[in-house]
Amino acid sequence: MFYLVRTPLAVTRMLYPKRLWAMPATEKKIYLTFDDGPHPDATPWVLDKLREYAAHATFFCIGKNVAQYPGIYKRILAEGHTTGNHTYHHFNGRKTADRSYFDDIIKAAGFIDSRLFRPPYGSMTSFQAKNLSGQPGYTIVMWSVLSGDFDAAVTPETCFLNVQQATGNGSIVVFHDSEKAFAKMTYALENTLRYFSERGFRFTSLPVVPNP
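On a predicted model such as this, the values are computed, not experimentally measured, just so you know.

What counts, and where the lines are drawn
Residues numbered from 1 in each chain as written. Predicted model: local features only at pLDDT ≥ 70, side-chain atom pairs only at ≥ 80, totals over all residues. Heavy atoms only, no water. Axes fitted to C-alpha atoms, helices over the stretch in contact; angles between N-to-C directions. Helix = DSSP H or I, 4+ residues; strand = E, 2+ residues; numbered from the N terminus. Parallel < 35°, antiparallel > 145°, perpendicular 65-115°, else oblique. Contact = heavy atoms within 4.5 Å. Nonpolar A, V, L, I, M, F, W, Y, C, P; charged D, E, K, R; others polar. Polar contact = N/O pair within 3.5 Å; in protein donor to acceptor, adjacent residues only side chain to side chain.

Engineer: For this particular structure, what's the right way to read the packing of helix H2 (residues 42-52) against helix H8 (residues 182-197)?
Structural biologist: In a packed pair of helices, the relevant descriptors are the angle between the two axes and the axis-to-axis distance. The interhelical angle for the contact between H2 and H8, taken along N-to-C directions, is 10 degrees, at an axis separation of 11 Å. Between H2 and H8, the crossing angle belongs to the class labelled roughly parallel. The segment H2 lies against H8, with Ala42, Trp45, Val46, Lys49 and Leu50 engaging Phe182, Met185, Thr186, Leu189, Glu190 and Leu193. The residue makeup of the contact of H2 with H8, split by class, is 8 nonpolar, 1 polar and 2 charged.

Structure follows, in structure tokens:
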């Protein structure tokens, strides 16, 4: 499986200027994000660990999972984190007809009150992106660092090293609060929180604009 741990920001910002790849690097802030939840085991573990470090994050939730675990979703919000739309069925935009893709996002929006959107797999067409960022005005959030916790070939230790070596001021870092990633994510996240906290970084959630 090929992917870049560190996103080449100069290139991606030039190619996709309307997508959010990183936050301003003026302060020692890191923006942790979690995709694919809520999950009955992974998400509560993440929330407990974030609370331990007084950290906040952004959860890009799958609509069907929010429908199945509404209590966990409410806990995410109650503890001061923000959320984003990750479609209802985790559709790959490049493999889904435009109308079906938009309908799936609209369905998820019935459960997720946020104008932040992250495409599953980071995959969507230019037409889909243009329509989402135009009307109804979603901010399409990508990332600057991939932990690799989704990759079966990567060890938990490597997941942490990926984050440790690629993260800096303003980085948007991707983890997954999912069954598949759980074992690797727990090791990598705990070490990430400890390592960067000891170096004076704060963990902050992305600002969110509610649905109108």
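Structure's up, so let's keep going.
Engineer: Sorry if this is basic, but what is going on with the side chain of Thr192 here?
Structural biologist: Among the secondary structure elements, Thr192 is positioned in helix H8. Of the polar contacts made by the side chain of Thr192, one reaches the backbone oxygen of Ala188; its length is 2.7 Å. Apart from residues no more than four positions distant in its own chain, Thr192 is found in contact with Leu32, Phe160, Val163, Phe175 and Phe203.

Engineer: Please explain the environment of Thr7 as it appears in this structure.
Structural biologist: Structurally, Thr7 is set in the segment before helix H1 (9-15). Taking the C-alpha atoms as reference points, Thr7 and Leu47, 40 residues apart in sequence, are found 26 Å from one another. With sequence-adjacent residues up to four places away left out, Thr7 is seen in contact with Thr12, Trp21, Trp143, Ser144 and Val145. A distance of 3.0 Å separates the side chain of Thr7 from the backbone oxygen of Trp143, its partner in a polar contact.

Engineer: Looking at this structure, how should I read unusual backbone geometry?
Structural biologist: Leave glycine aside and you will find that most residues have negative phi; peptide bonds, for their part, are mostly trans. A cis amide bond links Gly37 with the next residue in sequence, Pro38, at an omega value of -5 degrees. Tracing the sequence through the fold places Pro38 in the loop between strand E2 (29-35) and H2. Its identity as a non-glycine residue notwithstanding, Thr87 has a phi of 70 degrees, on the positive side. Structurally, Thr87 is set in the loop between strand E4 (82-85) and helix H5 (98-109).

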